[in-house]
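# Structural characterization, general
Listed here are the chains, written in short residue letters.
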Amino acid sequence: KATVSVLYCHMYRLGSRRLINFAQQHRRMTQKLQILNSDKVRYLSQEEAISLDERLMGDEGGYRVEQLMELAGQSCAVAIENEFAERRESDIEFIIVCGPGNNGGDGLVIARHLLHYGFRKVRVTYPKETSNKLYLDLLQQCKVHKIKVSNELKGLNEESVIVDALFGFSFRPPLRAPFDHLVNEMNAAQLRGAKIVSVDIPSGWHVESGPLADGAGAEKPLSPDILISLTAPKKCSENFKGVHYVGGRFVPPGFTDYAVPVYTPGTALVMKVASL
């Protein structure tokens, strides 16, 4: 009887997993991902990107930085989930590599949401912690979710998905220690089969001209497999050849003098940029 009970239990779990997989596939078929045609994309300069952020967080926009960080991080997690959902039951592991500024804060938000989206293996590399309460709170949120936080980048293999959340559009070269070493480690892991997802700007790139020939202090520039632009793509992504998403559905209509991606009615938080 015990053996039969165990068998039934196993069959029930297997059936439940298949039902969950079926439900996920059905959701993807009925909620079509929005596509942004590349000829409709407006690429922002560094000055425009900074100005837009300042206006959103100023008296005119009324947003707080923690609001924008949460919205941006969640949209990145949605894009990542869309790309890797079929591997949810595998040994896939997400390593979120966070810098000391706003991009790093986005990364800490991403880690938490990926865990809620059903990915079992999520950890954070955070080599340069800050005393800023906002980031300390985000760190605590990761810890209370049992997400391991380390200052080292180790244990990378072909099942690794590295989320590059080191630096954004305010970055000015060169990369300094320990971040130059982290970029080298990410590049080496990619050669071994790991995937790299960059948040807004691949770390070490110039926001307008893109990858720097000298690697901005690293041995060579990052070449991510996936890029998730926030609010609107920046000029450096104009010739990006990988998988490209745009996320951050929070810009008020008519807020800018130029066009930002317009979402169709529905709940989508990201759009996929059509291939060049």
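Quantities reported herein were computed from a predicted structural model and do not represent experimental measurements. (Residues numbered from 1 in each chain as written. Predicted model: local features only at pLDDT ≥ 70, side-chain atom pairs only at ≥ 80, totals over all residues. Heavy atoms only, no water.)

## Some remarks on the overall build of the protein
Looking only at helices and strands, the protein has six helices and nine strands in total. Taking all 276 residues of the protein together, 45% fall into the buried category. The contacts in the protein between residues at least 6 apart in sequence include a share of 77% that link residues at least 24 apart. Accessible surface for the protein amounts to roughly 14300 Å². Of this, 52% is attributable to carbon and sulfur atoms. (Helix = DSSP H or I, 4+ residues; strand = E, 2+ residues; numbered from the N terminus. Buried < 20%, exposed > 50% of the residue type's maximum accessible area, 1.4 Å probe, protein only. Contact = heavy atoms within 4.5 Å. Areas by Shrake-Rupley, 256 points an atom, 1.4 Å probe, with all protein chains shown as cover.)

## Describing helix α4 (residues 102–116)
Over its 15 residues, α4 extends 22 Å from the first C-alpha to the last, a length consistent with the 21 Å expected when each residue adds 1.5 Å. The element α4 is extensively covered by neighbouring structure, given that twelve of its 15 residues are classed as buried. By the burial criterion, the buried members of α4 are Asn-103, Gly-104, Gly-105, Asp-106, Gly-107, Leu-108, Val-109, Ile-110, Ala-111, Arg-112, His-113 and Leu-114. (Expected span 1.5 Å × (residues − 1).)

## Quick word on the packing of aromatic side chains
Going through the model one piece at a time under the given rule, you end up with five aromatic pairs. With a centroid separation of 4.8 Å and an interplanar angle of 70°, the aromatic rings of Phe-94 and Phe-119 are classed as edge-to-face. You can see Phe-94 sitting in strand β2 (residues 93–98) and its partner Phe-119 sitting in the loop between α4 and β3 (122–125), a full 25 residues away along the chain. Phe-119 matches Phe-94 in its accessibility class, with the two residues each being buried. Consider the rings of Phe-167 and Phe-171, whose centres lie 5.2 Å apart with planes at 35°: the pair is tilted. Phe-171 gets classed as buried once you look at its relative accessible area, which sits at 9%. Among the aromatic residues, those joined into a ring-pair cluster are Phe-84, Phe-94 and Phe-119. The ring of Phe-255 has Arg-55 sitting right over it, with the charged end atom 4.3 Å from the ring centre. The ring of Phe-119 carries Arg-88 above its face, with NZ or CZ at 5.0 Å from the centroid. (Phe/Tyr/Trp six-rings, centres within 6.5 Å; stacked < 30°, edge-to-face > 60°. Lys NZ or Arg CZ within 6 Å of the ring centre and 35° of its normal.)

## Considerations on the nonpolar core
One finds Ile-80, Phe-84, Phe-94, Ile-96, Ile-110, Leu-114 and Val-124 to be the most contacted residues of the largest nonpolar core, which totals 36 residues. Elements represented by at least two residues in this core include exactly α3 (65–84), β2, α4, β3, α5 (133–144), β5 (160–165), β6 (195–199) and β7 (226–230). No other element matches α3, which puts seven residues into this core. Here Ile-96 is in contact with Gly-107, Ile-110, Ala-111, Leu-114, Val-122, Arg-123, Val-124, Thr-125 and Val-163, once residues within four sequence places are set aside. Phe-179, Leu-182, Ile-201 and Ala-216 belong to the second-largest nonpolar core, a separate cluster that totals 28 residues. (Core = buried A, V, L, I, M, F, W, Y, C linked by side-chain atoms within 4.5 Å.)

## Side note on the state of the cysteines
The final tally for this structure, using the stated rule, is zero disulfides. Free of any disulfide, Cys-98 has its nearest neighbouring cysteine sulfur in Cys-142, separated by 7.2 Å. A residue is classified by how much of its surface remains accessible, and Cys-142, at 0% relative accessible area, is buried. (Disulfide = S-S within 2.5 Å.)

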